[in-house]
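Spelled out, the chains give:
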Amino acid sequence: MTAALVTQNLTDPSIAAGVLKSGQLVAFATETVYGLGADATNSKAVAKVFEAKKRPAFDPLIVHVTDATAAQQVASTWPPIAADLAAAFWPGPLTMVLPKRDHISDLVTSGLPGVGIRVPKHPLAQSLLQHFAGPVVAPSANLFGSISPTTAEHVRHGLSGRIAAVLDGGACDVGVESTVVSLMDTRPVILRPGGLAQEDIEQITGPIKIATANSHLDDSAQPAPGMLSRHYAPQTRLLLIDVEADAIPENDGRWGLLTHGTDFHSEQTATNQNGLATPSKNIQFQEIQSLGSTKDLPTCAANFFAGLRSLDAANLDAIIARKFPTHGLGIALNDRLKRAAAR
């Protein structure tokens, strides 16, 4: 960027909407993560999103609107399955990919014919969209590929001086990005697991498959954001373990633990001062972030990125992360862990 901006801290969505209308960028709270907003019909404003985030142009953006009626002004077709999904899950953490109308900038979709559309549930996001009265792109408000932001402070840490304003709506409730479902073909496909569980979607669609990740960072357009094999990544080395199957590596350095519940099963464990079971064989955790109970995956999801970010800031040699159960939001959380740990 040519010059650093003075990033305003805002609480009034009407003022934030005015900043968006001027062609500038505003980060704002949604129920999933903080989004980096720009006018979806203004190519210059959309280009600023890619510049501010250092995001490659092949990674498309999601358009946020107030309701299903507004979504139909973005999508050129509205099949019955879209209406059914919208009625069941909007507003909420579901993005649907549908053929786009011509007034949506090609930069938004990376030149692809489909556009991702979402209706956020967060009241501040809704108020901002109503004041703006138009479609707003809003990828996660962070530098590309890094840990997603779930508080205004996270946004300021990564993008202060690169964007015009942050609309502070407190901590995000869901904590992981929306589930992206493509309706571009005859059968729906989950392109990105997220804050809406596959099992819930299948109550509307019937059995649905999850697309595989793209394995290389190249210049080919991605069908949805968050599909690259490495994404959501901390600076600290991240190792994944399945505590029922994987051996915990031995190390005498500074280690952190990202865990859930208090049932850290291992053949050799000891209980630390926080009441968590930890390996006793040649490893001590300098920092532990426990996200919540495995019986309460929504709480784990809400705490996920903040916990990972805290460990990343703790000057550790490595972070060990426990895999989640493979159902409900655990699928999305494991997806984030896999991409964050990729090298």
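The structure under discussion appears in the preceding block.
The rules behind each value
Residues numbered from 1 in each chain as written. Predicted model: local features only at pLDDT ≥ 70, side-chain atom pairs only at ≥ 80, totals over all residues. Heavy atoms only, no water. Helix = DSSP H or I, 4+ residues; strand = E, 2+ residues; numbered from the N terminus. Buried < 20%, exposed > 50% of the residue type's maximum accessible area, 1.4 Å probe, protein only. Contact = heavy atoms within 4.5 Å. Salt bridge = Lys/Arg side-chain N within 4 Å of Asp/Glu carboxyl O. Expected span 1.5 Å × (residues − 1). Bend = angle between axes of the 7 residues up to and from the residue. Pairing = 2+ DSSP bridges. Axes fitted to C-alpha atoms, helices over the stretch in contact; angles between N-to-C directions. Core = buried A, V, L, I, M, F, W, Y, C linked by side-chain atoms within 4.5 Å. 1 Å grid on protein atoms, 1.4 Å probe; cavity = no way out; pocket = protein on both sides within 12 Å on 5 of 7 lines; lining within 4 Å. Points joined across faces, edges and corners; volume = space filled by probe spheres on them. Nonpolar A, V, L, I, M, F, W, Y, C, P; charged D, E, K, R; others polar.

> So what about the overall build of the protein chain? Which residues, and what values?
The helix and strand inventory of the protein chain stands at nine helices and 17 strands. Buried residues in the protein chain amount to 55% of all 343 residues. In the protein chain, 69% of the contacts between residues at least 6 apart in sequence involve partners at least 24 apart.

> Give me the pattern of salt bridges: which residues, what numbers.
Scanning the entire structure with this criterion turns up seven salt bridges. For the salt bridge of Glu31 with Arg118, the shortest nitrogen-to-oxygen distance reads 2.7 Å. You can see Glu31 sitting in the loop between β2 (26-28) and β3 (35-39) and its partner Arg118 sitting in strand β6 (residues 114-118), a full 87 residues away along the chain. This pair shows no difference in class: Glu31 is buried, exactly as Arg118 is. Residues Arg336 and Asp335 are paired through a salt bridge, measuring 2.8 Å at the closest nitrogen-oxygen approach. Under the relative-accessibility criterion, Asp335 is labelled buried at 8%. Where salt bridges share partners, they join Glu177, Asp335, Arg336 and Arg339 into one cluster.

> A description of helix α9 (residues 329-341) should follow, citing residues and the corresponding values.
Counted at 1.5 Å a residue, the expected span for α9 with its 13 residues is 18 Å, and the 18 Å between its end C-alpha atoms agrees. Counting buried residues in α9 gives 11 out of 13 residues, a clear majority hidden from the surface. Buried residues along α9 sit against β10 (189-192), β12 (238-241), β13 (255-259), α8 (297-312) and β17 (318-322).

> Can you tell me about the environment of Trp255, naming the residues and giving the values?
Inspection of the secondary structure puts Trp255 in strand β13. Here Trp255 falls in the buried class, since its relative accessible area comes to 2%. Separated by 63 residues in the primary sequence, Trp255 and Ala318 place their C-alpha atoms 5.3 Å from one another.

> Give me α8: which residues, what numbers.
When the terminal C-alpha atoms of α8 are compared, their 22 Å separation across 16 residues agrees well with the 22 Å that a helix rising 1.5 Å per residue should span. At Phe304, α8 shows its maximal kink, close to 45°. Buried within α8 we find Leu297, Cys300, Ala301, Ala302, Phe304, Phe305, Gly307, Leu308, Arg309 and Leu311. Where α8 is buried, its residues contact α6 (152-159), β12, β13, β16 (285-290), β17 and α9.

> I'd like a description of the sheet that holds β16, backed by residues and values.
Read from one edge of the open sheet, four strands run β12-β17-β13-β16, paired in parallel fashion. Each edge of the sheet is formed by a strand with only one pairing partner; in this case those strands are β12 and β16. Between one strand axis and the next, the sheet turns by 20° as a mean value, whatever way the strands run. Inspection of the sheet shows β13 paired to β17 by four bridges, in the parallel sense. Opposite Leu257, over in β17, you have Ile320 as the bridge partner. Relative to β13, α8 is tilted by about 175°, and along the sheet it contacts β12, β13, β16 and β17.

> Which residues make up the nonpolar core, and what values go with them?
Counting residues in hydrophobic clusters, the biggest one holds 45 residues, and the most contacted among them are Leu36, Leu94, Met96, Ile117, Val137 and Ile163. The set of elements that each furnish at least two residues to this core consists of β3, α2 (43-53), α4 (80-89), β5 (94-99), β6 and α6. Among residues more than four places away in sequence, those in contact with Met96 are Trp78, Ala82, Leu85, Ala86, Trp90, Val115, Gly116, Ile117, Val181 and Leu183. If you look at the next biggest cluster of nonpolar residues, it comprises 25 residues, including Tyr232, Cys300, Leu333 and Ala340.

> Lay out empty space enclosed by the protein with the relevant residues and their values.
Which parts of space are left empty comes out when a probe the size of a water molecule is rolled across the atoms. Applying the stated rule across the entire model yields three cavities of 30 Å³ or more. Counted as a void, the largest cavity has a volume near 210 Å³. Ala138, Pro139, Ser140, Glu177 and Arg192 are the residues nearest the centre of the largest cavity, which is lined by 22 residues in total. Of the voids in this model, the second largest cavity is the one considered here, and its volume is about 60 Å³. Together, 14 residues line the second largest cavity, and Pro60, Leu61, Val97, Gly116 and Pro223 are the ones closest to its centre. Sorting the residues of the lining of the second largest cavity by element identifies β5 and β6 as the ones contributing at least two each. Here the element with the most residues in the lining of the second largest cavity is β6; it accounts for three residues. Considered class by class, the residues forming the lining of the second largest cavity number 10 nonpolar, four polar and no charged.

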